[in-house]
Amino acid sequence: MKIKDELFQYFEKAGNIVHYRPNDIIYMQEDSKMLYEAISKVIHKARTDKNLKYTDFCYENDIPMSTYDAIINASTQSSFYNIAKVVKALGFNFEKFGALLDKELPASYWDNDN
């Protein structure tokens, strides 16, 4: 989506910018941003704890590197399918992944007023 410089400056000050190229901006609401950053941290830590190299992990599990990058960089709201595919490739079920995600998110994240 093309925007004017004033709008970019607004999002830059608000801290909602996830990705920026000239004339292009994608942003997330704070709660979404917080969730996708937590997902990123959990997945990245799990892969590095298992000493799995980035390229090998993607290749061996048929995960496009661009998909993995989007999840790890929290640059887009990745699809449930793509996150599930990575989680499965790490040998986790969603119960274990959810428990790790809960530890990464602030306790207030699941409050109803968010």
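Residues numbered from 1 in each chain as written. Predicted model: local features only at pLDDT ≥ 70, side-chain atom pairs only at ≥ 80, totals over all residues. Heavy atoms only, no water.

Regarding helix 5 (residues 80-89)
Stated precisely, the cut-off is as follows: Think of it in three bands: with a 1.4 Å probe and only protein chains considered, a residue is buried below 20% of the maximum accessible area for its type, exposed above 50%, and partly exposed in between. The helix and strand labels rest on DSSP assignments: H or I over at least four residues marks a helix, E over at least two residues marks a strand, and numbering proceeds from the N terminus. For this quantity, the arc is that covered by the directions from the helix axis to the C-beta atoms. Residues count as neighbours in contact if any of their non-hydrogen atoms are within 4.5 Å of one another.
Every buried residue belonging to helix 5 is among I83, V86 and V87, and all of these are buried. All buried residues of helix 5 project into a common sector of 100 degrees when viewed along the axis, lining one side. Exposed side of helix 5, more than 90 degrees from the buried face: Y81 and K88 are the residues found there. In this fold, the buried residues of helix 5 make contact with helix 2 (30-49), helix 3 (54-60), helix 4 (65-72) and helix 6 (94-104). Positive backbone phi, approximately 85 degrees, marks G91, located one or two places after helix 5.

Looking at the nonpolar core
Applied cut-off: The definition of a nonpolar core used throughout is a set of buried Ala, Val, Leu, Ile, Met, Phe, Trp, Tyr and Cys residues joined through side-chain atoms within 4.5 Å.
Formed by 23 residues in total, the largest nonpolar core has its most connected members in I39, I43, Y68, I83, V86, F97 and L101. Of all the elements, helix 2 adds the most residues to this core, at seven residues. Leaving out residues up to four positions away in the same chain, I39 has contacts with I71, I83, F97 and L101.

Remarks on the side chain of S40
Mapped onto the secondary structure, S40 falls in helix 2. Discounting chain neighbours no more than four positions away, the residues touching S40 are I71, I72, N73 and A74.

Digging into the pattern of salt bridges
We count it as follows: For this document, the term salt bridge refers to a Lys or Arg side-chain nitrogen within 4 Å of an Asp or Glu carboxyl oxygen.
Evaluation of the coordinates by the stated rule reveals two salt bridges. Residue K41 is joined to E104 by a salt bridge in which the shortest nitrogen-to-oxygen separation is 3.9 Å. Pair noted here: K41 is in helix 2 and E104 is in helix 6, with a separation of 63 residues, a long-range link. Here K45 ties to D49 by a salt bridge, and the two come within 2.6 Å at their closest N and O atoms. With K45 and D49 both in helix 2, this residue pair falls four residues apart, about one helical turn.

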